[in-house]
Amino acid sequence: MRSAKFWTEYPANLKINPAPAGTKGSMNTLTETNVCLFSSAKSWIEGEALRQLYAAAKLEGMRFVAGFPDLHPGKGSPVGAAFVTNRCVYPYLIGGDIGCGMALFKTDLVQRDTKLDHWAELRFDLEHPWEGDVSEVLAASDLESTEFDQAFGTLGGGNHFAELQRVEEVLDATAFRRFGLGKQQLVVLVHSGSRGLGESVLRAYVDAHQANGPDAESFAAAAYLKDHDMALRWAKANRALIARRFVETLGAKAECLWDGCHNSITQRESEGEAVWVHRKGAVAIAGEPVVIPGSRGSLSYLVKPTGDGVRHAWSLAHGAGRKWARSETRLRMRERFGMHQLTRTALDSRVICEQRELLYEEAPAAYKNIGDVVQDLVDAGLISVIAAFRPLLTYKTRTLRR
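Residues numbered from 1 in each chain as written. Predicted model: local features only at pLDDT ≥ 70, side-chain atom pairs only at ≥ 80, totals over all residues. Heavy atoms only, no water.

Chemist: Looking at this model, I keep getting lost on the overall build of the protein. Mind explaining?
Modeler: In terms of regular secondary structure, the protein is built from 11 helices and 17 strands. On the principal axes, the C-alpha backbone points of the protein span a range of 60 × 45 × 45 Å. By residue count, 55% of the 402 residues in the protein fall in the buried class. Within the protein, contacts between residues separated by at least 24 positions form 76% of all contacts whose residues are at least 6 apart in sequence. Split by element, the accessible area of the protein, about 17,000 Å² in all, is 49% carbon and sulfur. Within the protein, the 48 negative side-chain charges are centred at a point lying 6 Å from the centre of the 49 positive side-chain charges. (Helix = DSSP H or I, 4+ residues; strand = E, 2+ residues; numbered from the N terminus. Buried < 20%, exposed > 50% of the residue type's maximum accessible area, 1.4 Å probe, protein only. Contact = heavy atoms within 4.5 Å. Areas by Shrake-Rupley, 256 points an atom, 1.4 Å probe, with all protein chains shown as cover. Lys, Arg positive; Asp, Glu negative; His and termini not counted. Charge placed at Lys NZ, Arg CZ, Asp CG, Glu CD.)

This is how it looks when you write it as structure tokens:
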């Protein structure tokens, strides 16, 4: 974010307070609009994302808005932000992929087991329906069958992935051991959501109530939140089944260490008052470590939240954040690379993505520098880093069954 451009995005009469003591200037507070942006000059933020952030701050009942270094424009509302209200809930702020998030699994594989060339040839088939008993797995998570059963256990498109990683560096050995990992263990990071189910929940609400934000105590809000909570549980169970399918293809087993949701509405108490935290591309924190992933060509980080979370809406950045729109990325990457050049990263990891357009759209260059994003959060006093993970194999999709 270039500071000169940033400040001109806001009305001239806004009062800008300096960063609080103990930070390195990476938090700018706009008091009259209750907006906090946690970012430095290295994490450039597009003007449209700032416009969307500021527009959300004007919504009825909005108490506080937090933007993170991964902030970028979304469909109507920015991605990489959290919004706190005290009377209303706004379904459109979090969008259709309700429950989208990440989950980290430790496997019984260790680094000496690595067989990248062999693993890169495996089918995985995470874009195809699971052949097991979906209803049984759903029931274990207290979920009923729906019209979306065929999508359960599948990745979906866009930036979703399943990625095998190894430990690159441990910075806090005590916290790392407490988390339950060994330095030689391979881990799997899964990014997926509620697939078409979450979109159907949003669509049903919009068809009945348009884009209005209902009173949190209303029947409309209660009905939406009931379906929303079901989509959250569906998305979490979906990530677990994806990981199971992925590691079983590798001939291994996995155990979930952490699951973090990026798109949700949750209730909290603040100063004796019930508030609603809307997250769009922001990971919820509850005192335990969380994972902040990079692009498929960069490291991911295990971090420990610091403080009580109040000043950043009990949320953190959910990843690197897009630097370029998908259409722009396709044009840029086509001019510079052939498909085969994007299936092996600068870290020598393998990428399985046999859809040309998707391979270009999700190229590492399309994303911000994850190191800068994490450093901004460290400098703002929001996190400390426990460890970094290096990608080995990123799976997105095959094209046709062989």
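Next, the rest of the story.
Chemist: Can you walk me through the pattern of salt bridges in this structure?
Modeler: Oppositely charged side chains may form a pair once their charged atoms are brought near each other. One pass over the full model with this rule turns up 22 salt bridges. Each of R322, R326, R330, R334, E357, E361 and E362 takes part in salt bridges that share partners, so that together they form one network. (Salt bridge = Lys/Arg side-chain N within 4 Å of Asp/Glu carboxyl O.)

Chemist: Looking at this structure, I do not really get helix α7 (residues 195-209). What am I missing?
Modeler: Because each turn of an α-helix spans 3.6 residues, side chains separated by three or four positions in sequence point in the same direction. Between its first and last C-alpha atoms α7 spans 22 Å; for 15 residues at 1.5 Å apiece the expected length is 21 Å, and the two agree. Listed in full, the buried residues belonging to α7 are L197, G198, V201, L202 and Y205. All buried residues of α7 lie within an arc of 135 degrees about the axis, which places them on one face of the element. Lining the buried residues of α7 we find α3 (91-94) and α8 (219-249). (Expected span 1.5 Å × (residues − 1). Arc of directions from axis to C-beta.)

Chemist: For this particular structure, what's the right way to read the environment of N263?
Modeler: Position of N263 among the secondary structure elements: in strand β10 (residues 263-270). Sequence-wise, N263 and K280 are 17 residues apart; in three dimensions their C-alpha atoms are separated by 4.8 Å. Those residues within four positions of N263 in sequence are excluded, and the remaining contacts are I94, D97, I98, G99, C100, L232, R279, K280 and G281. In this structure the side chain of N263 is engaged in a polar contact, spanning 3.0 Å, whose partner is the backbone nitrogen of G281. (Polar contact = N/O pair within 3.5 Å; in protein donor to acceptor, adjacent residues only side chain to side chain.)

Chemist: Whenever I open this one, the packing of α7 against α8 confuses me. Can you help?
Modeler: Axes are the key here: two packed helices are described by the angle between their axes and the distance separating the axes. Interaxial distance between α7 and α8 falls to 8 Å at its minimum, and their mutual angle equals 170 degrees. Classified by the angle between their axes, α7 and α8 sit roughly antiparallel to one another. Of α8, the residues touching α7 (which contributes R195, L197, G198, V201, Y205 and H209) are A220, Y224, D227, H228, M230, A231, W234 and N238. Here the contact of α7 with α8 is built from residues that sort into eight nonpolar, four polar and two charged. (Axes fitted to C-alpha atoms, helices over the stretch in contact; angles between N-to-C directions. Parallel < 35°, antiparallel > 145°, perpendicular 65-115°, else oblique. Nonpolar A, V, L, I, M, F, W, Y, C, P; charged D, E, K, R; others polar.)

Chemist: When you look at the environment of G213 in this model, what are you seeing that I'm missing?
Modeler: Checked against the element boundaries, G213 lands in the loop between α7 and α8. The exposure class of G213 is partly exposed, given its relative accessible area of 23%. Sequence-distant contacts of G213, that is, excluding residues within four places in its chain, are made with C88, V89, Y90 and Y205.

Chemist: Help me understand the pairing of strand β5 (residues 79-85) in this model?
Modeler: Walk down a regular strand and you will see the side chains alternate between the two sheet faces. For β5, a buried count of seven out of seven residues is recorded, marking the element as mostly surrounded by other parts of the structure. In terms of strand pairing, strand β4 (residues 62-72) meets β5 through six bridges, oriented antiparallel. Bridging across to β5, G67 finds its partner in A81. Counting the residues in the hairpin turn of β4 and β5 gives six residues, including G76, whose phi is positive at 90 degrees. (Pairing = 2+ DSSP bridges.)

Chemist: Before we go on, may I ask you to explain the pairing of strand β3 (residues 35-38) in this structure?
Modeler: Here β3 shows no split at all, with V35 and L37 on one side and C36 and F38 on the other all buried. In this region the chain leaves β3, passes through helix α2 (residues 47-57) and returns to the parallel neighbour β4; the handedness of that crossover is left-handed. (Right-handed = clockwise from strand over helix to strand, strands pointing away.)

Chemist: I keep staring at unusual backbone geometry and nothing clicks. Help me out?
Modeler: Across residues other than glycine, the phi torsion is negative in most instances, and most of the peptide bonds are trans. In this model, F124 sits at a positive phi of 65 degrees, which is unusual for a non-glycine residue. Mapped onto the elements, F124 comes out in the loop between α4 (116-119) and α5 (134-140). Non-glycine residue D348 carries a positive phi angle of around 65 degrees. Among the residues examined, D348 registers a relative accessible area of 39% and is labelled partly exposed.

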